[in-house]
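Descriptive analysis of the structure
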Amino acid sequence: MSSSGVAADPPIASPYSGHDGLAAQLGIDVGGTSIKGAIVDLRTGQLAGPIHSAQTPDTATPEQVALLVRQIAAAEQWIDPVGVALPGVIVGSCLRHAPNLSSAWEREGALDRLRTPGDAEIVLINDADAAGLAELTYGRSGRSDNGLTVVLTFGTGIGSALLHDGDLIANSELGGLLVGARRFEDVASGRAISDGELTPAQWAECAQPYFDQLEAMLNPGRWVLGGGLSEQFEQYASRLKLTKPVDIAHLGVHAGIVGAAAAVKRSGSPEALSGRR
Ligand code: BGC
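Description of the structure in this document.

Calculation notes
- Residues numbered from 1 in each chain as written.
- Predicted model: local features only at pLDDT ≥ 70, side-chain atom pairs only at ≥ 80, totals over all residues.
- Helix = DSSP H or I, 4+ residues; strand = E, 2+ residues; numbered from the N terminus.
- Buried ≥ 20, exposed ≤ 12 C-beta atoms within 10 Å, placed from the backbone.
- Contact = placed C-beta atoms within 7 Å.
- Near = placed C-beta within 6 Å.
- Nonpolar A, V, L, I, M, F, W, Y, C, P; charged D, E, K, R; others polar.
- Domains from an automatic or database assignment.
- Pairing = 2+ DSSP bridges.
- Axes fitted to C-alpha atoms, helices over the stretch in contact; angles between N-to-C directions.
- Bend = angle between axes of the 7 residues up to and from the residue.

**Section: the overall build of the protein chain**
In terms of helices and strands, the protein chain carries eight helices and 16 strands. Here the protein chain holds 277 residues, and 47% of them are scored as buried. For the protein chain, the share of sequence-separated contacts (at least 6 apart) that also reach a separation of at least 24 residues comes to 67%.

Take a look at the structure:
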């Protein structure tokens, strides 16, 4: 951990050192377990510098998260708009459905706490929508035979993004799906796997009824599964019985960072579009 409170890992050389006018953007992914940010090359979706990361404080208040976001931007001497992915639904100036952060995020004005050191614009996006946007923009998933791809991210919670014919349909929150009395995210998230020490077979048994419901309700033509578990996820996902093809998220654990950066470009922020640094 550096004196700024965020650690840089790994310390790789960035082709953007010196902030010299290339098409790059800072993306920050706020998760229930860690907060990570990096400069992203918007032409390729690759990280173009070190990942700055810090543990999400247990209380995860807007003030605590805002401080870490500022520290990450300051570590990159970033003064332009920043993309921030959050684990909840952005409604006006507050964040709803964010069980992995403090309930203080639900108060009006909570999102206004997020500021960059230079007071530049902050573009907000749900974290799973960010992962979906990253897959849409830079991923390698095949075409969905009926136009609909469902992206699910398995981390501290379960996030979802619906991709339809090249567009992102935001705020789908499929991790809240109930089968019986239990929510999908409570039985099958990355946290549920580590807390319950679930084997891939046990996980698939818990998760299958939710996938069956989603197939019946949404009829996706393709699934993209990823999130914090991406690296070992193949062995879990391969146990599911699904009628449509499954891809493991191409951008892996960095999808939230990449999607947060891509969200700035999508928002049409003039500085971001010009690629000015
Ligand atoms: C939140 C979602 C989020 C997901 C993954 C859930 O608890 O409700 O908005 O996408 O966690 O972080």
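**Quick look at the site of the ligand**
Neighbouring the ligand are 17 residues; Pro 87, His 97, Ala 128, Gly 157 and Gly 159 lie closest to it. In terms of residue class, the shell around the ligand is built from five nonpolar, nine polar and three charged. Both domains that furnish three or more residues to the shell around the ligand are identified here as domain 1 (7–130 + 255–274) and domain 2 (141–249).

**Topic: the pairing of strand β10 (residues 148–154)**
Within β10, six of the seven residues are buried, which leaves the element mostly enclosed by the surrounding structure. With antiparallel pairing between neighbouring strands as the criterion, β10 and strand β11 (residues 158–164) make up a hairpin whose turn holds three residues. Pairing geometry for β10 and strand β15 (residues 222–226), over five bridges, is parallel. The residue of β15 that forms the bridge with Thr 153 is Gly 226.

**Section: unusual backbone geometry**
Phi angles above zero are rare outside glycine, and Asp 119 is one such case at about 60 degrees. Summarising the element assignment, Asp 119 is placed in the loop between β8 (94–96) and β9 (122–126).

**Things to note about the sheet that holds strand β12 (residues 167–169)**
One open sheet holds the five strands; their spatial order is β12-β11-β10-β15-β16, and the pairing between them is mixed. Of all strands in the sheet, those with a lone pairing partner are β12 and β16 (246–248), marking the two edges. Sheet twist, expressed as the mean angle between neighbouring strand axes with direction ignored, is 25 degrees. Sheet analysis places β10 next to β11, joined by seven bridges and oriented antiparallel. Bridge pairing links Val 150 to Leu 162 in β11. Those strands touched by helix α2 (residues 127–138) are β10, β11, β12 and β15, and its axis lies near 40 degrees from that of β11.

**Re the environment of Asn 219**
Structurally, the position occupied by Asn 219 is in the loop between α5 (200–218) and β15. Residues Asn 219 and Lys 244, spaced 25 residues apart in sequence, show a C-alpha to C-alpha distance of 8.9 Å.

**Considering α5**
The sharpest bend along α5 comes to roughly 40 degrees, located at Ala 207, with the proline Pro 209 sitting one to four residues further on. Where α5 is concerned, the buried positions are Trp 203, Ala 207, Tyr 210 and Phe 211. Remark: Asn 219 follows α5 within two positions and exhibits a positive phi of approximately 50 degrees.

**Brief notes about the pairing of strand β6 (residues 82–86)**
Of all five residues in β6, five are buried; the element is thus mostly enclosed. Burial of β6 is two-sided: the residues Val 82, Val 84 and Leu 86 facing one way and the residues Gly 83 and Ala 85 facing the other way are all buried. Pairing analysis gives four bridges linking strand β2 (residues 24–30) to β6, with the strands arranged parallel. When the sheet's bridge partners are listed, Ile 28 is paired in β6 with Val 84. Pairing geometry for β6 and β9, over five bridges, is parallel.

**Quick word on the environment of Leu 47**
Within the secondary structure, Leu 47 sits in strand β4 (residues 46–47). Along the sequence, Leu 47 and Leu 26 sit 21 residues apart, while their C-alpha atoms lie 9.6 Å from each other. Residues within four places of Leu 47 in sequence aside, it is in contact with Ala 38, Val 40 and His 254.

No statement about biological role is implied by the geometric values presented.
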